[in-house]
Amino acid sequence: MRLLEREREREMRKKKQLGKYVWDVKHMVESIFIMFLIMGALATIAYYYVNIDHDQPHPAAVFKFYTPNPNTTSAYESLDGCDLFSGKWVHDNHSYPLYKDLDCPYIFGDFACGQYGRMDSNYQQWRWQPHGCTLPRFDSKEVLERLRGKRVLFVGDSVNRNQWVSMVCMLQTVIPLGRKKMQKVPNVSMLTFKALEYNVSIDFYWAPLLVESNGDHPTKHKTNDRIVRIKSIEHHAKNWVNVDVLVFNSYLWWRTPALKILNGSSEDSKQYNIVDNHRGYRMVMKTWSDWLYTHINHTRTQSYFISMTATHHRGVEWGSKSDENCLNETEPITKDDFWESGSDLKMFKILESSLNKLKAKGVKVQLINITQLTQYRKDAHPSIYRLHYSPLTNTQLSNPSSYADCTHWCLPGVPDVWNELLLTYILRKHK
């Protein structure tokens with residue numbers, strides 16, 4: 001009997017030991033599993049923190065503007081109320097450039113920096129980041145679809161042409177050969193690009209001073225003597241009617257201190273008055289405003305005015321030597337609110353005043369204020385990397401900065417951002 005009881009006790013002890021062992025193994029497995037979960041979570045957090053671009057907006061902000069709102073047509077409508085012109089440049093080599101220069105056959109030699117020897121490409125990889133919101137990612141097909149049947153006309157000087165070429169390059173990348181064409185309009189200073197499948201026309205009209213002047217020929221004009229007919233705008237303006245979007249720009253040619261106001265009927269007339277550039281600009285803006293008010297169907301046509309762009313001719317203003325300019329510059333200026341001396345704030349105020357007077361009369365012309373954002377981009381001009389229309393002299397060749405173009409802009413580059421801003425306004429209207 002006693003032997004039997006001892007045997008039972010031995011069996012009970014074995015079962016208890018086995019149960020304890022099973023529980024320990026189960027507990028160990030659960031502990032290891034929980035440990036792996038914790039380690040995985042910590043690794044994910046560490047990876048996100050190390051790889052996050054701290055210049056990017058908070059993910060919630062990106063979600064807000066990159067995910068279509070069910071109550072809107074696209075992300076463009078989500079930007080209502082945001083100041084698009086106040087912000088900073090953020091390096092972004094994932095989304096930019098929006099196209100490759102060799103993929104756009106329409107870039108003029110003035111702007112084709114890469115094709116004329118510029119080796120660095122960092123200037124192409126900057127995104128404009130407004131404070132408080134993010135511009136939608138550019139989509140050529142979406143833009144073309146929403147502009148279907150529309151005509152966009154750029155009117156102005158060579159900076160305006162710079163922007164027009166940029167828009168053509170941005171849109172044409174998704175259009176197959178045979179479905180697009182570029183041509184000059186006969187007997188008119190106008191070039192037109194057509195996206196045939198979408199029935200979209202993106203045009204440029206050369207009128208650097210808006211009214212008639214001695215600079216009206218796109219290639220044969222004087223650069224140091226300005227003669228204008230202040231009241232004579234109809235010769236140009238008759239070509240601006242019946243379009244869906246008008247985009248004006250006129251500043252570059254007003255930087256001369258004085259100009260001649262022609263009184264006679266001939267360009268060679270000696271009957272003229274000399275006025276300073278501010279007075280002349282104010283007079284021309286009055287002529288332009290009066291014409292726009294009386295000749296444009298503002299129910300159909302959206303009107304925009306692009307503000308002046310910065311030039312970077314004085315390196316001393318951003319810390320370089322006094323005899324240096326934009327040549328060899330490869331990085332933007334990072335100083336907040338930098339302002340270069342070539343940007344005439346008084347001219348900007350005249351433009352603002354003219355647009356405000358039109359607004360008071362019920363005509364909305366949206367100012368696309370690119371002035372401050374271009375101040376920082378000393379790195380984005382063609383400088384010496386462009387087509388030169390006359391042979392360079394030995395004196396010039398010995399001093400490259402003497403012929404560096406610090407006025408226009410390389411493509412791809414800064415003008416693409418101007419168009420992103422412009423399209424944000426246009427597409428919010430074309431719902």
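### Considering unusual backbone geometry
In step 1: In this model, tyrosine 96 is joined to proline 97 through a cis peptide bond whose omega is 5°.
In step 2: You can see proline 97 is positioned in the loop between strand S1 (87-91) and strand S2 (126-130).
In step 3: Cis geometry marks the peptide bond from leucine 411 to proline 412; its omega dihedral reads -5°.
In step 4: Tracing the chain through its elements places proline 412 in the loop between helix H9 (394-398) and helix H10 (414-429).
In step 5: In this model, asparagine 328 sits at a positive phi of 70°, which is unusual for a non-glycine residue.
In step 6: Position of asparagine 328 among the secondary structure elements: in the loop between strand S11 (302-306) and helix H7 (345-360).
In step 7: The exposure class assigned to asparagine 328 is exposed, which follows from its relative accessible area of 60%.

### With respect to the pattern of salt bridges
In step 1: One pass over the full model with this rule turns up 18 salt bridges.
In step 2: For lysine 286, the salt bridge goes to aspartate 290, with nearest N and O atoms at 2.7 Å. Here the residue lysine 286 and the residue aspartate 290 both occupy positions in helix H6 (residues 277-295), the gap between them amounting to 4 residues, near one helical turn.
In step 3: Of the residues examined, aspartate 290 reaches a relative accessible area of 29% and is grouped as partly exposed.

### Digging into the nonpolar core
In step 1: Formed by 103 residues in total, the largest nonpolar core has its most connected members in Ile202, Trp240, Trp288, Leu292, Phe305 and Leu421.
In step 2: Broken down by element, this core gets its largest block of residues, 9 residues, from H10.
In step 3: In contact with tryptophan 288, not counting residues within four places along its chain, are Leu210, Ile233, Trp240, Phe248, Phe305, Leu355, Leu358 and Val365.

### So, helix H4 (residues 158-172)
In step 1: Helix length check: H4, at 15 residues, gives a terminal C-alpha distance of 21 Å against a target of 21 Å (1.5 Å per residue), a fit within 8%.
In step 2: Summarising burial for H4: 15 of the 15 residues are buried, a large majority.
In step 3: Of the residues flanking the start of H4, the one acting as N-cap is aspartate 157, its side-chain oxygen 3.1 Å from the backbone nitrogen of valine 159.

### Description of the state of the cysteines
Working definition of a disulfide: a covalent bond connecting the sulfur atoms of two cysteines.
In step 1: Counted according to the given criterion, the structure contains 4 disulfides.
In step 2: The side chain of cysteine 82 participates in a disulfide bridge whose partner is cysteine 133; the two sulfur atoms lie 1.9 Å from each other. Here the S-S torsion is close to -70°, and the disulfide linking cysteine 82 with cysteine 133 is therefore left-handed. Pair noted here: cysteine 82 is in the loop between helix H2 (59-66) and S1 and cysteine 133 is in the loop between S2 and helix H3 (140-146), with a separation of 51 residues, a long-range link. For the pair shown, cysteine 82 and cysteine 133 are each scored as buried.

Definitions and limits used
Residues numbered from 1 in each chain as written. Predicted model: local features only at pLDDT ≥ 70, side-chain atom pairs only at ≥ 80, totals over all residues. Heavy atoms only, no water. Helix = DSSP H or I, 4+ residues; strand = E, 2+ residues; numbered from the N terminus. Buried < 20%, exposed > 50% of the residue type's maximum accessible area, 1.4 Å probe, protein only. Salt bridge = Lys/Arg side-chain N within 4 Å of Asp/Glu carboxyl O. Core = buried A, V, L, I, M, F, W, Y, C linked by side-chain atoms within 4.5 Å. Contact = heavy atoms within 4.5 Å. Expected span 1.5 Å × (residues − 1). Polar contact = N/O pair within 3.5 Å; in protein donor to acceptor, adjacent residues only side chain to side chain. Disulfide = S-S within 2.5 Å.

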